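Per-entry structural report
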Amino acid sequence: MTEEARGATVLDEVIPAKGYRALTMKKGQVLRVVDVEGQQVMDFVAFNNQDLEEKLSMFWSDCFNGTWKLTEGHTLYTNRSTPMFTILEDTVKMNYCGGAFCTEQANFFRYGEHNLPNCADNLTQAFAPHGILRKDIDEASCLNIFMNVAYDPDGTFEIREPVSKPGDHIDFRAEMDVVVGMSNCPQERNPCNAFKATPLGITLYES
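Since the model is a prediction, treat every value here as computed from it, not as a measurement.

Calculation criteria
Residues numbered from 1 in each chain as written. Predicted model: local features only at pLDDT ≥ 70, side-chain atom pairs only at ≥ 80, totals over all residues. Heavy atoms only, no water. Phe/Tyr/Trp six-rings, centres within 6.5 Å; stacked < 30°, edge-to-face > 60°. Buried < 20%, exposed > 50% of the residue type's maximum accessible area, 1.4 Å probe, protein only. Helix = DSSP H or I, 4+ residues; strand = E, 2+ residues; numbered from the N terminus. Salt bridge = Lys/Arg side-chain N within 4 Å of Asp/Glu carboxyl O. Polar contact = N/O pair within 3.5 Å; in protein donor to acceptor, adjacent residues only side chain to side chain. Contact = heavy atoms within 4.5 Å.

**Quick look at the packing of aromatic side chains**
Aromatic ring pairs are defined here through the distance separating the ring centres and the angle between the ring planes. Taken as a whole and assessed by the stated rule, the structure comprises nine aromatic pairs. Taken together, a centroid distance of 5.4 Å and an interplanar angle of 25° make the contact between Tyr151 and Phe157 stacked. Exposure remark for Tyr151: the relative accessible area of 40% places this residue in the partly exposed category. Using a relative accessible area of 53% as the deciding quantity, one classes Phe157 as exposed. Members of the aromatic cluster, each reached through a chain of ring pairs, are Phe59, Trp60, Phe64 and Tyr77.

Next up, the structure:
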C-alpha cells in the first residue's frame, strides 16, 4: 500500500519491549503495526468506542471468514457480528486467531513462578485511562499478531518461533470508531517471541 493510500501520519511511535499502548481510532483510519527487530508478537484487543460492551471477537472473525488464518483482505468482526477492521496489508501472513493472552495465573501454571510480565496486566494498564477494566478484557477478543501456532495432523498444537522479519508489518483499517489496546508481548519462557522480547512500531494514518 502506498503512503498516499494510507493517508497522512497522525501518530508514529515505538512500543518498547514488554510495553503497552492504547489509542482511539476513528472510522476509516489505518493502524500499522511494525515488527522492528523481527520475531515479536503483539496482543491486540479492541472495543467499540461508542459502546464498550461491543468488542472484537476472534470466534466470529474466524467463522465469518471461513478460516482461522486471517490475513490481508479479511474482515475482523465484533461479538455483535459487526465489521470492526479490514486487514489491508500483511507482509507476514502468520497471526494466531484463536484468542488468548498470557496471564499471571497461566504463567504460574506453566512455569511455577509468580509476577512474571504478562499481556493481561499490560492490557489492563493500557485500557485503564479509557474506563475499561480487567473484567472487560477477555481472551476471545485477542488477536495475536505475528504469532506462530502450529497445528499438527495428530491433533496437537504448539507455539513456535515467529517467522516475521525486521520491517514486516500489518495494516488495519477501522470500520467503526474503536479504542485499541496493544501489549508488546513480554513472554520469554516459550518460543512466542523467540525467547526475547523486542520493540514494536505503530503508525496511525488519517484516511
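**A closer look at unusual backbone geometry**
Phi is positive for Lys18, which is not a glycine, with a value near 70°. As for its position among the elements, Lys18 is in the loop between strand 1 (9–15) and strand 2 (20–25). Relative accessible area serves as the criterion here: at 34%, Lys18 is assigned to the partly exposed category. Within the chain, Gln39 stands out as a residue other than glycine whose phi angle is a positive 60°. By the secondary structure assignment, Gln39 is in the loop between strand 3 (30–35) and strand 4 (42–48).

**Describing the pattern of salt bridges**
Within the structure shown, the criterion is met by 14 salt bridges. Ionic pairing is found between Asp171 and Arg32, a salt bridge with its closest N-O pair at 2.7 Å. On the criterion of sequence distance, the pair formed by Asp171 in strand 11 (residues 169–174) and Arg32 in strand 3 is long-range, its members being 139 residues apart. Across this residue pair, the class does not change: Asp171 and Arg32 are buried. One salt bridge in this structure joins Lys55 and Asp138, with 3.1 Å as the shortest N-O distance. One end of the pair, Lys55, is in strand 5 (residues 51–57); the other, Asp138, is in the loop between helix 4 (119–127) and strand 8 (143–145), with 83 residues separating them in the sequence. Using a relative accessible area of 13% as the deciding quantity, one classes Lys55 as buried. Accessibility expressed as a relative area gives 26% for Asp138, which makes it partly exposed. Through salt bridges with shared partners, a single network forms among Arg32, Glu89 and Asp171.

**Some remarks on the side chain of Asn107**
Counting through the fold element by element, Asn107 comes out in helix 3 (residues 104–111). Within polar-contact distance, the side chain of Asn107 engages the backbone oxygen of Pro117 at 3.4 Å. Those residues in contact with Asn107 that lie beyond four places of it in its chain are Cys102, Gly112, Glu113, Leu116, Pro117, Asn118 and Gln187.

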